[in-house]
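Working through the structure, step by step
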Amino acid sequence: MRSDWKTQQRARDLRKRMTSAELILWSRIRPRAWPLYRFRRQHPIGLYIADFACPLSRVVVEVDGGTHSTDLERAYDRRRDAYMRARGWQVIRVSNEDVYKHLTETLDLIGRLAPPPPLRSRTARSAPPP
């Protein structure tokens, strides 16, 4: 079992070595491009690291490439998804192919499946105490 420190260090390393498909998707869902959701890349969730996560909406987007093709790898992904769902996260999986060839449709899918984050009320934050 990994410690929090090791998971955070691994997430930092993964941010430096994102795949081409992850870089393309990140360029379109990063906070400046999609400010409503505020996705983070390589975000630790317990023992696992999500490719992209929006903590406010509790949504994870996983980009699956060639390392998700064997029965053993798919079983690992199912356990990982179940772990995240048990902690209140919705998991959306897209393939490298989806990102490369159908980016607009992939973004539309994420937008349809990801619940919008709760809006913070400025009046509630700035109201004086009773």
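To keep things clear, this report deals only with the structure shown in the data block. Keep in mind the model is a prediction, meaning the values are calculated, not measured.

Before going further, it helps to examine the sheet that holds strand β3 (residues 59-64). Spatial ordering of the open sheet is given by β1-β2-β3-β4, a layout of four strands whose pairing is mixed. Only two strands of the sheet have a single partner each, and these edge strands are β1 (40-45) and β4 (90-95). On average, each strand axis in the sheet is inclined to that of its neighbour by 45°, with strand direction left out of account. Bridge analysis of strand β2 (residues 48-54) against β3 gives three bridges, and the strand direction is antiparallel. Across the sheet, residue Ala 53 finds its bridge partner in β3, namely Val 60. Packing against the sheet, helix α3 (residues 71-86) makes contact with β1, β2, β3 and β4, and its axis sits at approximately 60° to β2.

This part covers α3. The first and last C-alpha atoms of α3 sit 22 Å apart over 16 residues, in line with the 22 Å expected at 1.5 Å per residue. For α3, every residue scored as buried is listed here: Asp 77, Arg 80, Asp 81, Tyr 83 and Met 84. When α3 is viewed along its axis, its buried side chains cluster within an angular range of 155° and face the same direction. Seen from the buried face of α3, the exposed residues on the opposite side, beyond 90 degrees, are Asp 71, Leu 72, Arg 78 and Ala 86. Against β1, β2, β3 and β4 lie the buried residues of α3. Immediately beyond the C-terminal end of α3, within one or two residues, lies Gly 88, with a positive phi of roughly 90°.

Take helix α2 (residues 20-29) next. Looking at α2, one finds that the buried residues are Ala 21, Glu 22, Leu 25, Trp 26 and Ile 29. Burial along α2 is one-sided: seen end-on, the buried residues are contained in an arc of 130°. Buried residues belonging to α2 abut β1, β2, β3, β4, α4 (96-101) and α5 (103-113).

Scoring rules and cut-offs
Residues numbered from 1 in each chain as written. Predicted model: local features only at pLDDT ≥ 70, side-chain atom pairs only at ≥ 80, totals over all residues. Heavy atoms only, no water. Pairing = 2+ DSSP bridges. Helix = DSSP H or I, 4+ residues; strand = E, 2+ residues; numbered from the N terminus. Axes fitted to C-alpha atoms, helices over the stretch in contact; angles between N-to-C directions. Contact = heavy atoms within 4.5 Å. Expected span 1.5 Å × (residues − 1). Buried < 20%, exposed > 50% of the residue type's maximum accessible area, 1.4 Å probe, protein only. Arc of directions from axis to C-beta.

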